[in-house]
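Descriptive structure summary
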Amino acid sequence: MIEKIKETASFLKEKTGFHPVAGIILGSGLGGLVKSIDIKYRFDYSEIPNFLTSTVEGHAGKLIFGYLEGKQIV
């Protein structure tokens, strides 16, 4: 399991070069926050090694890297 996590982390680091200070999970009612994010990278879950795809209806199934109030977030 740890090897899969390392593979996923390595993929994302290589693609983005980001070192986020925070991760935000957006759900019902919070999706609008994405409009405040200066998005630099966006990945469909299916593009990310070892990531599960979302089965929740209406869920975008995307991992976003960007800036919120000058801070790197995911």
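Not measured: the values here are computed from a predicted model.

Right, let's get into the sheet that holds strand S3 (residues 71-73). In spatial order, the strands read S1-S2-S3; together these 3 strands make up an open sheet with antiparallel pairing. Since the sheet does not close on itself, it has two edges, and those belong to strand S1 (38-44) and S3, each with one partner. Taking each pair of neighbouring strands and ignoring which way they run, the sheet shows an average axis angle of 10 degrees. Here 6 bridges tie S1 to strand S2 (residues 62-68), and the two strands are oriented antiparallel to one another. Each bridged residue has a counterpart across the sheet, and for Asp44 the counterpart in S2 is Lys62.

Here we come to the layout of surface pockets. Volume-wise, the largest pocket comes out at about 540 Å³. As for the largest pocket, its lining consists of 22 residues, and the residues nearest its centre are Ile24, Leu26, Tyr45, His59 and Lys62. Among the residues forming the lining of the largest pocket, the class breakdown is 13 nonpolar, 6 polar and 3 charged.

One pass over the full model with this rule turns up 6 aromatic pairs. Look at Phe18 and Phe65: their rings are 5.9 Å apart centre to centre, the planes differ by 90 degrees, and that puts the pair in the edge-to-face class. With Phe18 in the loop between helix H1 (2-16) and S1 and Phe65 in strand S2, the pair connects residues that are 47 residues apart, well separated along the chain. This pair shows no difference in class: Phe18 is buried, exactly as Phe65 is.

Calculation rules
Residues numbered from 1 in each chain as written. Predicted model: local features only at pLDDT ≥ 70, side-chain atom pairs only at ≥ 80, totals over all residues. Heavy atoms only, no water. Pairing = 2+ DSSP bridges. Helix = DSSP H or I, 4+ residues; strand = E, 2+ residues; numbered from the N terminus. Axes fitted to C-alpha atoms, helices over the stretch in contact; angles between N-to-C directions. 1 Å grid on protein atoms, 1.4 Å probe; cavity = no way out; pocket = protein on both sides within 12 Å on 5 of 7 lines; lining within 4 Å. Points joined across faces, edges and corners; volume = space filled by probe spheres on them. Nonpolar A, V, L, I, M, F, W, Y, C, P; charged D, E, K, R; others polar. Phe/Tyr/Trp six-rings, centres within 6.5 Å; stacked < 30°, edge-to-face > 60°. Buried < 20%, exposed > 50% of the residue type's maximum accessible area, 1.4 Å probe, protein only.

By themselves these figures say nothing about function.
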